[in-house]
Amino acid sequence: MEKKIAHFTIDNKECTATTGVSIINAARENGIFIPTLCHYEGVKPAGSCRVCTVKVNKRHLTACTTPVAEGMEIEVDTAELNDLRSSVIELLFTEGNHYCPACEKSGNCELQALAYRFGIMAPRFPYQFNERDVDASHPKIYHDHNRCILCKRCIRIIKDEKDLPAGSQGRSIFAFNQRAKKVKIKLDDRLGKELSDELAQKAMDICPVGSILVKETGFKTPIGQRKFDKEAISLDNSINLKAMKEAHHE
Amino acid sequence: MPKKITIEPVTRVEGHGKVTIHMDDDNQVVQSRLHIVEFRGFERFIQGRPYWEAPVLVQRLCGICPVSHHLAAAKAMDMIVGAGTGDGLSPTGEKMRRLMHYGQIFQSHALHFFHLASPDLLFGINADPNIRNIIGVALEHKDLAVQGVMMRKFGQEIIQATAGKKIHGTGAIPGGINKSLSKEERDSFLKGEDPLNIDKMIEWSLGALEFFKGYHKANRELIDDFASFPSSHLSLVRKDGAMDLYHGVLRAVDSEGKKILHDIDYQDYASYIGEEVKNWTYMKFPFLKEIGKQDGWYRVGPLARMNTVDFIPTPLAQKEHELFRAYTNGKPNGMSMHMHWARLIEILHSAEMMKELLNDDDIMGNDLVVKGNKTLEGVGLLEAPRGTLFHHYRINRNDQIEMANLIVSTTNNNIPMNLAVESVAKKYLNGHAVISEGMLNAVEVAIRAYDPCLSCATHALGKMPLEISLVDKDSNIIDKKYSG
Ligand code: SF4
């Protein structure tokens, strides 16, 4: 079937993309960065973080879950939307316990990088100081719930594919446990035990914050060589560009 | 009427402290105390954190000498990852850490001598406080002020090149280091544009020493008699008795120079050193167990190190050490103001050490980390600018820190500082009905000699054992509360 091309505008710039791809990808194809914390190229979007919120024909929609269509007028980089994104990021900072100074993900953390990009000096909301715990019982992974932003990337991306027919989805190794305010990420008892070194490292890499850490490797990368030390988070160094390239390569 | 004088805050020291002095009807000092009113709590909130985070987290208890805490914690973690104590790292790992440490000693001592202490020497203890500060130094003794600033900068640049950042870097990791020096970095320190190169730093260090020695000649009474009292002295020394600020065995000598702690392996420090808690300060009182709580206290820091080591393993500093020791006929020196002299000798030694390390190709090597058989407990000691710094950690099988005990330099100097305060308070205040600003500054000068970093000296949270006693006029205890 022939792919249909959609014509649309982003911040008044004429753009084209294949009809049906998400706005976040359509924007990237046109050289425009829409920030996100939960979206990951190649897996089903969750729309959970709301950082990618854009306006489509004057309505607020998440760019990761909305397919692009002919004639859309999309707003991305406006004062109102950037303030909205900023407020979402600030809420995440106040809801969890994020102490960048001693966090080994500092410099590689997408939440921190976005805070810098938006010039957040201090959150406008009061800190919640929610009591969260850490789970260090896994031999390979140190899981710090203080920093989890519940983006579900780990659930959606880290899958066990052993003994499954090719093309099937795989079983999630990470899962949500409990509900509402108490909800937290947990490793599947059985699958977690068999977690390979590669998957453990991947889990750490795709976690946008310092919640999933591979044990005993912290602070290996010197300051100055970390991902966001030299450049602010952007289209060029976003995790999704990397994921897209990897997917393409495969 | 009896009166109580409070000096709060004590100025030109790092952190917050207060001094109270009680005087009776005849204007005689009956009691004086240095209180540490800040509260940190790191020993408590490090619990549950992964062990590899300790060197980065714990250094946050200080913005002045974070490198010391960073390295002491890393040394403790070396034990935990099975890289041994002190001598197990790769040559690059060990030398990069040493370079970081000597850069830190150099910049911290420079800050202390030029910025915090020199105003008292240059303008006099009684001078107008509006001039008696670093701005006054900058206006009237420009050369000295510039040297102070540039020496500090040089040390900070060394720290940045080794730790990644000037303050709160991440260079030292369990078992080693996360980077080595590039050739450009090394060359910039060896041959950098004037004045930022190591030869200039050595020249200025010698100059600062000459300045002090000249000052000493002209002001013998102040430098020799001010807060002078005998004490024991404790520090790390290299196995052969040489000065080694990064690693060694623990030695203490008494006021006559007799060894009272015999070059022990510091992993066993707890068998030799106890800590007492008192109800009027957050700071603990360490003591040598064998001698007991009453008399087991000791001094640490530059003065103590001059007294414990047999020699300094760099030629220029060794010459100065010989002069220093000759001044007291080879006996331990108990003069608090000689701490400045000792500090300047260490500035020179640090500069010489940096030069030696920078000229060593290992500093550019690629073998950064060593790991062996993991253990659950580790102790890391080093000689921080202000004295011996102890870090002790125990972890559980899940890699989480279960217990942390820190004895920082200022805590080790707790009794000596209180004695110095008392001696000066008595000398300057006794018999005076009217107390002047200059008299009170004299008390601060005594504290400043020790360069205390009050901010890092208090860190037990939640389990802080506090004993409060209600005492009547005849000193009978009528009520006692204990929390801990
Ligand atoms: S652990 Fe990390 S990846 Fe998983 S939900 Fe939390 S923040 Fe997202």
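Residues numbered from 1 in each chain as written. Chains lettered and ligands numbered in written order. Predicted model: local features only at pLDDT ≥ 70, side-chain atom pairs only at ≥ 80, totals over all residues. Heavy atoms only, no water.

**Observations concerning the overall build of chain A**
Counted only if it meets this: A run of DSSP states H or I qualifies as a helix once it reaches four residues; a run of E qualifies as a strand once it reaches two. Both are numbered from the N-terminal end. With C-alpha atoms as the basis for the radius of gyration, the globule rule is written as 2.2 Å multiplied by the number of residues raised to the power 0.38. Buried means the residue's accessible area, taken with a 1.4 Å probe over protein chains only, is under 20% of the maximum for its type, while exposed means over 50%, and partly exposed covers the values in between. Should any heavy atoms of two residues lie within 4.5 Å, those residues are counted as being in contact. Here the Shrake-Rupley method, with its probe set to 1.4 Å, supplies the accessible areas, and only the displayed protein chains count as covering residues.
Looking only at helices and strands, one finds 7 helices and 12 strands in chain A. Rg of the C-alpha trace for chain A: 19 Å, near the compact-globule value of 18 Å for 250 residues, within the 12% margin. For chain A, the spread of C-alpha atoms along the three principal axes comes to 50 × 50 × 40 Å. Per-residue burial over chain A gives 51% buried out of 250 residues. Pairs at least 24 residues apart make up 60% of the contacts formed inside chain A by residues separated by at least 6 positions. As displayed, chain A has an accessible area near 13200 Å², and 52% of this comes from carbon and sulfur atoms.

**Brief notes about the interface of chain B and chain A**
Operational definition: Take the accessible area each of two parts loses on contact, using a 1.4 Å probe, and add the two losses: that sum is the buried area. For this analysis, a salt bridge means a side-chain nitrogen from Lys or Arg found within 4 Å of a carboxyl oxygen belonging to Asp or Glu. Here a polar contact is recorded for every N or O atom pair within 3.5 Å, except that within protein the pair must consist of a potential hydrogen donor and a potential acceptor, and residues adjacent in sequence are included only if both atoms are side-chain atoms. The nonpolar class holds Ala, Val, Leu, Ile, Met, Phe, Trp, Tyr, Cys and Pro. Asp, Glu, Lys and Arg form the charged class, and all remaining residues, Gly among them, are polar.
Facing 22 residues of chain B, the contacting portion of chain A comprises 18 residues. Looking at the side of chain B facing chain A, the largest losses of area belong to B:Arg49, B:Trp52 and B:Asn398, adding up to 31% of the total buried there. At the boundary of chain B with chain A, the tally comes to 4 salt bridges. Taken together, the links from chain B to chain A amount to 8 residue pairs in polar contact (both at pLDDT 80 or more). Across the side of chain B that touches chain A, the residue classes tally to 7 nonpolar, 7 polar and 8 charged.

**Notes on the site of the ligand**
What counts here: Proximity is defined per residue: if any heavy atom of the residue lies within 4 Å of a molecule or strand, that residue is considered near it.
Near the ligand you find 14 residues, and of these A:Cys148, A:Cys151, A:Lys152, A:Cys154 and A:Cys207 are the closest. Partitioned by chemical class, the residues of the shell around the ligand number 10 nonpolar, 2 polar and 2 charged.

**Overview of the domain arrangement of chain A**
Residue and element names in this part refer to chain A. Basically, it comes down to this: Residue ranges for the domains trace back to a domain assignment, done automatically or taken from a database.
By domain assignment, chain A separates into domain 1 (5-77) and domain 2 (82-221). With 20 residues of domain 1 in contact, the opposing surface of domain 2 contributes 20 residues. Summing both partners gives a buried area of about 1500 Å² for domain 1 against domain 2, and 61% of it is carried by carbon and sulfur. Looking at the side of domain 1 facing domain 2, the largest losses of area belong to Leu37, Tyr40 and Val51, adding up to 39% of the total buried there. Linking domain 1 with domain 2 are 0 salt bridges. One can count 10 residue pairs in polar contact (both at pLDDT 80 or more) joining domain 1 with domain 2. Of the residues contributing to the side of domain 1 that touches domain 2, the split by class is 12 nonpolar, 5 polar and 3 charged.

**Structural notes on the sheet that holds strand β11 (residues 377-384) of chain B**
All names here are of chain B. Rules: At least two DSSP bridges between two strands are needed for those strands to be called paired. All axes here are fitted lines through C-alpha atoms, helices being fitted over the stretch that makes contact, and every angle between N-to-C directions spans 0 to 180 degrees.
If you trace the 3 strands from one edge of the open sheet to the other, you get β11-β12-β13, paired in antiparallel fashion. Whereas interior strands pair on both sides, the edge strands pair on one side only; in this sheet they are β11 and β13 (401-407). On average, each strand axis in the sheet is inclined to that of its neighbour by 10°, with strand direction left out of account. Relative to β13, strand β12 (residues 387-395) runs antiparallel, the two being bridged by 6 bridges. Residue His391 lies in a different strand from β13, and its bridge partner there is Leu406. Across the face of the sheet, helix α3 (residues 66-80) comes into contact with β11, β12 and β13 while running at roughly 150° to β11.

**Here we look at the pattern of salt bridges**
Residue and element names in this part refer to chain B. This structure, assessed with the given rule, holds 43 salt bridges over all chains. In this structure, the salt-bridge partner of Glu157 is Lys153, at a minimum N-O distance of 3.0 Å. Separated by 4 residues within a single helix, Glu157 and Lys153 lie in helix α6 (residues 142-163), roughly one turn from each other. A residue is classified by how much of its surface remains accessible, and Glu157, at 23% relative accessible area, is partly exposed. When its relative accessible area of 33% is taken as the criterion, Lys153 is described as partly exposed. For Arg251, the salt bridge goes to Asp263, with nearest N and O atoms at 2.8 Å. Of this pair, Arg251 sits in strand β7 (residues 249-253) while Asp263 is found in strand β8 (residues 259-264), placing the two residues 12 residues apart along the sequence. Classification of Asp263 as partly exposed rests on a relative accessible area of 22%.

**Topic: the packing of aromatic side chains**
By convention here, two paired aromatic rings are described through the distance between centres and the angle between planes. Residue and element names in this part refer to chain B. Rule in force here: Between 30 and 60 degrees the pair is tilted, below 30 it is stacked and above 60 it is edge-to-face, where a pair is any two Phe, Tyr or Trp rings, Trp via its six-membered ring, whose centres lie within 6.5 Å. In this scheme, the term charge over a ring applies when either NZ of a lysine or CZ of an arginine sits within 6 Å of the ring centre and within 35 degrees of the ring normal.
This model, assessed by the stated rule, comprises 15 aromatic pairs over all chains. Geometrically, the ring pair formed by Tyr51 and Trp52 is edge-to-face, given 5.2 Å between the ring centres and 85° between the ring planes. By the burial criterion, Tyr51 is buried, and Trp52 matches it. Among the aromatic residues, those joined into a ring-pair cluster are Phe113, Phe114, Phe211 and Tyr215. Positioned above the aromatic ring of Tyr246 is the side chain of Lys75, whose terminal nitrogen or guanidinium carbon lies 4.5 Å from the ring centre. The cationic tip of Arg299 hangs over the ring face of Phe229; the distance from NZ or CZ to the ring centre is 4.0 Å.

**As for unusual backbone geometry**
B:Pro195 follows B:Asp194 through a cis peptide bond whose omega is 0°. Along the chain, B:Pro195 turns up in the loop between α7 (183-191) and α8 (198-218). Its identity as a non-glycine residue notwithstanding, A:Phe129 has a phi of 45°, on the positive side. By the secondary structure assignment, A:Phe129 is in the loop between α3 (110-117) and β6 (134-135). Residue classification places A:Phe129 among the exposed positions, given a relative accessible area of 59%.

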